[in-house]
Amino acid sequence: MSESEPTRVTGESEVADLCRELIRIDTSNYGDGSGPGERAAAEYVAEKLAEVGLEPQIFESAKGRASTVARIAGEDPSRPALLIHGHTDVVPANADDWTHHPFAGEIVDGCVWGRGAVDMKDMDAMTLAVVRDRLRGGRKPPRDIVLAFLADEEAGGVFGAHHLVDKHPGLFEGVTEAIGEVGGFSFTVNENLRLYLVETAEKGMHWMRLTVDGTAGHGSMTNKDNAITELCEAVARLGRHQFPVRVTKSVRHFLDELSDALGVELDPEDMDSTLERLGGIAKLIGATLRNTAQPTMLGAGYKVNVIPGQASAHVDGRYLPGYKDEFHEELDRVLGPRVRRETVHEDKAVETDFDGPLVAAMQSALSAEDPIARAVPYTLSGGTDAKSFSELGIRCFGFAPLQLPPELDFAGMFHGVDERVPVDGLTFGVRVLDRFIDAC
């Protein structure tokens, strides 16, 4: 190559910059429709896709709440299509708490830092990088691929995935399988084995408002019907309550794989010692053994010497696939009759089997880049846009491949301070996704 000949841009060479540029678009989702940047992110993605010959469409469900969708024609249009989806919104971040500004997209110590680095502008960037590289080289996928870059996932997807599924289902015509976030990341067991956790299930969500009515009065007087007291006692009971262990299909499969990897028999009823060996991913796995309900907000009163007539709290409830009714029954029993429960947002639990050609394609792509890789299924304690796409009968997996250093607290990066992703992890993900598309 002559000195004047430009260096060819590849997916690996541009993925970090794509991630940085996405992070610099502040797409904070405050849950009230006031987020500043989803439209800008949708336009950025559309521009990057149009540069390589696609015809992306932007769908705005409300002012500024925009998602971008495009379809890539495959070699065999008679085959069912694959959906690759990611969200562009992020949870808010307070810059004063961070080592590096959350919306600067800096590369420091081999990592891209910023809000969204792992949730999930890393996968957005890897998808863009792979697609752009393939289309620049004229490499069609074996079957049609639908790309969806979505708004509002962090507030339940009402203005993003749910909107598209409800109002524009034709965009996903022929799609039978999908990959998205929070899966495909590594957990190093030893020098001979690295597990890659593929999400096959996720807990249902029930965000709720709890309210207690009491008797208002003067703060200096005795009051046996204080709404704050009653509510706080109920919230404390719920916050300390431990729901029973329930081993679902995906959890059982994961525990069997983990038992084999660690060389020990695992008892789901006594997982404390096992979770201690899982490092950062213990936070992800521990919450998948039972239903959970975490108090997150409290509100009552307007003056220090006035006992209010009402007090409220918000709770983030999550239930395992197949255990929705049990969750609600136990929830009401713990809260007691005085507490009124209202739904803020609810979405179902989803689960699929860990088998079939798509799973085989994941394993082969991982093994080609990491000879000690073993793909294993797991349940996500949170929720993703897979809940929306499952309404269309689409079989959904979490597969955003990253090879991570063992010391990185990956689970702690989600919604945490100093969120970051290794650049090497991004380039690894580009290679794996490229191989996966060829094999799927």
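Let me sum up the structure you'll find in this document. Bear in mind the structure is a predicted one, so any value in this text is a computation, not a measurement.

## Brief notes about helix α10 (residues 357–369)
Turning to step 1, where the next piece is worked out: A rise of 1.5 Å per residue sets the reference length of α10, with its 13 residues, at 18 Å; its end C-alpha atoms lie 19 Å apart and thus fit the reference within 8%.
Turning to step 2, where the next piece is worked out: All of the buried residues in α10 are Leu358, Val359, Ala361, Met362, Ala365 and Leu366. Along the long axis of α10, the arc covered by the buried residues comes to 160 degrees, so they all point the same way.
Turning to step 3, where the next piece is worked out: On its buried side, α10 packs onto β3 (81–87), β7 (175–180), β9 (193–202), β17 (373–380), β18 (395–398) and α13 (423–439).

## Quick notes on the side chain of arginine 65
Turning to step 1, where the next piece is worked out: With respect to the helices, strands and loops of the structure, arginine 65 is situated in strand β2 (residues 65–72).
Turning to step 2, where the next piece is worked out: Among the residues examined, arginine 65 registers a relative accessible area of 3% and is labelled buried.
Turning to step 3, where the next piece is worked out: Only 2.3 Å separates the side chain of arginine 65 from the side chain of glutamate 38, close enough to count as a polar contact.
Turning to step 4, where the next piece is worked out: Filtering out sequence-adjacent residues up to four positions away, arginine 65 remains in contact with Asn29, Gly33, Glu38, Phe59, Glu60, Ala151, Asp152 and Phe159.

## A closer look at unusual backbone geometry
Turning to step 1, where the next piece is worked out: Going from aspartate 119 to methionine 120, the amide bond is cis rather than trans, its omega being -15 degrees.
Turning to step 2, where the next piece is worked out: Position of methionine 120 among the secondary structure elements: in the loop between β5 (111–113) and α3 (121–136).
Turning to step 3, where the next piece is worked out: You will see that histidine 415, though not glycine, has its phi angle at about 65 degrees, which is positive.
Turning to step 4, where the next piece is worked out: By the secondary structure assignment, histidine 415 is in the loop between α12 (410–413) and β19 (420–422).

## Some details on the packing of helix α1 (residues 11–24) against α13
Turning to step 1, where the next piece is worked out: With their axes 9 Å apart at the nearest point, α1 and α13 run at an angle of 125 degrees to one another. Classified by the interaxial angle, the pair formed by α1 and α13 is oblique. Here the hand of the crossing between α1 and α13 comes out right-handed. Residues Gly11, Glu12, Val15, Ala16 and Cys19 of α1 pack against Val423, Leu426, Thr427, Val430 and Arg431 of α13.

## Focus on the layout of surface pockets
Turning to step 1, where the next piece is worked out: The computed volume of the largest pocket comes to approximately 1,300 Å³.
Turning to step 2, where the next piece is worked out: Along its surface, the largest pocket is lined by 50 residues, and Glu154, Trp207, Asp316, Arg318 and His415 are the ones closest to its centre.
Turning to step 3, where the next piece is worked out: Split by residue class, the lining of the largest pocket holds 17 nonpolar, 19 polar and 14 charged.

## Structural notes on the sheet that holds β5
Turning to step 1, where the next piece is worked out: As summarised here, the arrangement of the three strands in space is β4-β5-β19, forming an open sheet in which the pairing is antiparallel. The outermost strands of the open sheet, each flanked by one partner alone, are β4 (107–108) and β19.
Turning to step 2, where the next piece is worked out: Direction of pairing for β5 relative to β19: antiparallel, over a ladder of three bridges. Along β19, the bridge assignment pairs cysteine 111 with proline 422.

## Some remarks on the sheet that holds strand β14 (residues 310–319)
Turning to step 1, where the next piece is worked out: Reading across from one edge, β12-β14-β10-β15 is the order of the four strands in this open sheet, with antiparallel pairing throughout. If you trace the sheet from one side to the other, it starts and ends with β12 (292–300) and β15 (340–347), each paired once. On average, each strand axis in the sheet is inclined to that of its neighbour by 20 degrees, with strand direction left out of account.
Turning to step 2, where the next piece is worked out: Each of β10 (204–213), β12 and β14 touches helix α5 (residues 227–240); the most contacted strand, β14, lies at about 15 degrees to it.

Cut-offs applied
Residues numbered from 1 in each chain as written. Predicted model: local features only at pLDDT ≥ 70, side-chain atom pairs only at ≥ 80, totals over all residues. Heavy atoms only, no water. Helix = DSSP H or I, 4+ residues; strand = E, 2+ residues; numbered from the N terminus. Expected span 1.5 Å × (residues − 1). Buried < 20%, exposed > 50% of the residue type's maximum accessible area, 1.4 Å probe, protein only. Arc of directions from axis to C-beta. Contact = heavy atoms within 4.5 Å. Polar contact = N/O pair within 3.5 Å; in protein donor to acceptor, adjacent residues only side chain to side chain. Axes fitted to C-alpha atoms, helices over the stretch in contact; angles between N-to-C directions. Parallel < 35°, antiparallel > 145°, perpendicular 65-115°, else oblique. Left-handed = near helix turned anticlockwise from the far one by under 90°. 1 Å grid on protein atoms, 1.4 Å probe; cavity = no way out; pocket = protein on both sides within 12 Å on 5 of 7 lines; lining within 4 Å. Points joined across faces, edges and corners; volume = space filled by probe spheres on them. Nonpolar A, V, L, I, M, F, W, Y, C, P; charged D, E, K, R; others polar. Pairing = 2+ DSSP bridges.

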